[in-house]
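Residue-level structural notes
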Amino acid sequence: MASPLALVADDGNDDRELARRAASGDERAFETLYERHSGRVFALCMRMSGSRQQAAELTQDVWVKLWQKLGSFRGESALSSWIHRLTVNHVLTNARGEQRRHMHERPESGSPTDDHERGVAVREPSVSPKSVEDAIDLENAIAALPPRARTVFVLHDVEGYQHDEIAKLTGTAEGTCRAQLHRARKLLMEVLER
Amino acid sequence: MTTDHLDIETLSAFADGELNAVLAHRVERHVAGCAECRGDLDGVRGLVASAAALARDVAPPPEVWENIRARKPSAESREPRWWHNGWLAAAAAVVLVAGTATMMLLARPSGVAKGAKLAKHQAATTPVVLAAVERNYAPTLDVLRETLDAQREQLAPSTVRTLEHSLAVIDSAIAEASAALVADPGSADLLNLLSSSYQRKVEFMKRATSLPSSL
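Conventions adopted
- Residues numbered from 1 in each chain as written.
- Chains lettered and ligands numbered in written order.
- Predicted model: local features only at pLDDT ≥ 70, side-chain atom pairs only at ≥ 80, totals over all residues.
- Helix = DSSP H or I, 4+ residues; strand = E, 2+ residues; numbered from the N terminus.
- Buried ≥ 20, exposed ≤ 12 C-beta atoms within 10 Å, placed from the backbone.
- Contact = placed C-beta atoms within 7 Å.
- Expected span 1.5 Å × (residues − 1).
- Axes fitted to C-alpha atoms, helices over the stretch in contact; angles between N-to-C directions.
- Parallel < 35°, antiparallel > 145°, perpendicular 65-115°, else oblique.
- Left-handed = near helix turned anticlockwise from the far one by under 90°.
- Nonpolar A, V, L, I, M, F, W, Y, C, P; charged D, E, K, R; others polar.
- pLDDT = per-residue confidence, 0-100.

This paragraph deals with the overall build of chain A. Scanning chain A from N- to C-terminus turns up nine helices and zero strands. Shown N-terminal to C-terminal, the secondary structure of chain A runs as helices and strands in the order α-α-α-α-α-α-α-α-α. Considering chain A as a whole, with its 194 residues, one finds that 44% of them fall into the buried category. When contacts within chain A are restricted to residue pairs at least 6 apart in sequence, long-range pairs at least 24 apart make up 64% of them.

All right, on to the overall build of chain B then. A tally of regular secondary structure across chain B gives 10 helices and zero strands. Order of helices (α) and strands (β) in chain B, N terminus to C terminus: α-α-α-α-α-α-α-α-α-α. Within chain B, the fraction of its 215 residues that count as buried is 21%. Restricting the contact set of chain B to residue pairs at least 6 apart, pairs at least 24 apart contribute 80%.

Its 19 residues give helix α9 (residues 174-192) of chain A an end-to-end C-alpha distance of 27 Å, which sits within 8% of 27 Å, the value for a rise of 1.5 Å per residue. When α9 of chain A is considered as a whole, its buried residues turn out to be Cys 177, Arg 178, Gln 180, Leu 181, His 182, Arg 183, Ala 184, Arg 185, Leu 187, Leu 188 and Val 191 of chain A.

Now for the packing of helix α2 (residues 27-49) of chain A against helix α3 (residues 52-69) of chain A. Residue and element names in this part refer to chain A. One can describe the packing of α2 onto α3 by two numbers: an axis separation of 8 Å at closest approach and a directional angle of 135°. By the angle between their axes, α2 is oblique relative to α3. For the crossing formed where α2 meets α3, the hand is right-handed. On the side of α2, the interface is formed by Phe 30, Tyr 34, Ser 38, Val 41, Phe 42, Cys 45, Met 46 and Ser 49, while α3 contributes Arg 52, Gln 54, Ala 55, Leu 58, Thr 59, Val 62, Trp 63 and Trp 67. Residue composition of the contact of α2 with α3, by class: 11 nonpolar, four polar and one charged.

Okay, the confidence of the model for chain B next. Residues and elements named next belong to chain B. Here chain B averages 74 in pLDDT, and 70% of its residues register 70 or above. Within chain B, the lowest mean pLDDT, 44, falls on helix α5 (residues 82-85), and the highest, 95, falls on helix α2 (residues 21-33). Contacts for the low-pLDDT stretch residues 95-115, under 50 throughout, to residues beyond four places or in other chains number 26 contacts. Among the prediction metrics, the complex's ipTM stands at 0.76, with pTM recorded as 0.57.

For the rest of this paragraph, the subject is the environment of Thr 32 of chain A. Along the chain, the position of Thr 32 of chain A falls in helix α2. Sequence spacing of Thr 32 of chain A and Asp 15 of chain A is 17 residues, and the spatial spacing of their C-alpha atoms is 9.3 Å.

Let us look at the interface of chain B and chain A. If you look at the interface, chain B gives 36 residues, while chain A gives 35 residues. Among the secondary structure elements, those contributing two or more residues to the side of chain B that touches chain A are α1 (8-15), α3 (35-52) and α4 (63-70) of chain B. At seven residues, the largest contribution of residues to the side of chain B that touches chain A is made by α3 of chain B. Residue composition of the side of chain B that touches chain A, grouped by class: 21 nonpolar, six polar and nine charged.

With that settled, the discussion passes to the environment of Ala 35 of chain B. Residues and elements named next belong to chain B. Inspection of the secondary structure puts Ala 35 in helix α3. When the 10 C-beta atoms within 10 Å are taken as the criterion, Ala 35 is described as exposed. Spatially, the C-alpha atom of Ala 35 lies 9.9 Å from that of His 5, the residues being 30 residues apart in sequence.

Look at α3 of chain A: 25 Å from first C-alpha to last across 18 residues, which is about the 26 Å you get at 1.5 Å a residue. Listing the buried residues of α3 of chain A in full gives Gln 54, Ala 55, Leu 58, Thr 59, Gln 60, Val 62, Trp 63, Leu 66 and Trp 67 of chain A.

This is how it looks when you write it as structure tokens:
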């Protein structure tokens, strides 16, 4: 499994130079960075949120934030790694906000369900039997997973994070992350075998 | 042939090597004799391989870039480059603290009664100690100074002015500590302060010489 730090082709010094220029207001340099890294950001947002529409919004947010923060990039790690971390953190933070709104808007729903306890709730309902039945490939099946299971599956099996890293990012216990991963794999196998 | 099959979660944990030795051995034995569970285990491993092989990049819709451009942050809302507000401010704070500490130590009576013989001995050895401390740091500082001078043209004039001002303040703190040590040769605090001031100068210059590569 590839390390998450090595998932994006990074031209190293060239990226750093572009980041420096973009931080100084060079829009063309920023656009070049976008061309290089936006596909990676969008793929991550799409798989973690389970929605192309939401991924488009998240990708916009990430790049606006990135534009604001480029000045604080010190070049101590690859720019691609920095963008990756910023993206994961933004998606998880956004999911927590969505979860809080969801809980506030539906106080009558009582205690949170397993999938909406914390951290990874998204706008769309969790598993809809119909959407699961209609899933025809792995991407669709991932998108149809319950949010918590999807987050752990994407970070672990797609992005290559370790359980301790995921536990820190999501604020859950490592054991819970492992259980969510095995649950996600089980659900995916059930869907893909149909 | 067995009719009790393993659940997918157990096989998934087995595939990741998470089961203890006893459980792992049981799973191995079971899978060896159960075609269905062997198929499920292959399925778990295939799923993991497929997930890892998913495309790294998925092109966002074209309107995403247009929306980002429309939301382009103003120059004021962008975070300043880190060396302009971060470590220089921190270094200035260190210098101020060092200078204040020096003044406090200078104002403080030594509080230690010394015999005339001891005082005379310390007064005689202080210049030797000062020279030794300076010798200890001089080669490193000389190299750093040469490097910094060579890189000067790559830095903005305002950055150079800030660097030189900060270095002057650190030099002033070193001079104060040296003078205080001459006046109070027995003070271990002052000797430590002098050494730490030199060390701070070395650290400051190291960071300054790394600036052009960060630009």
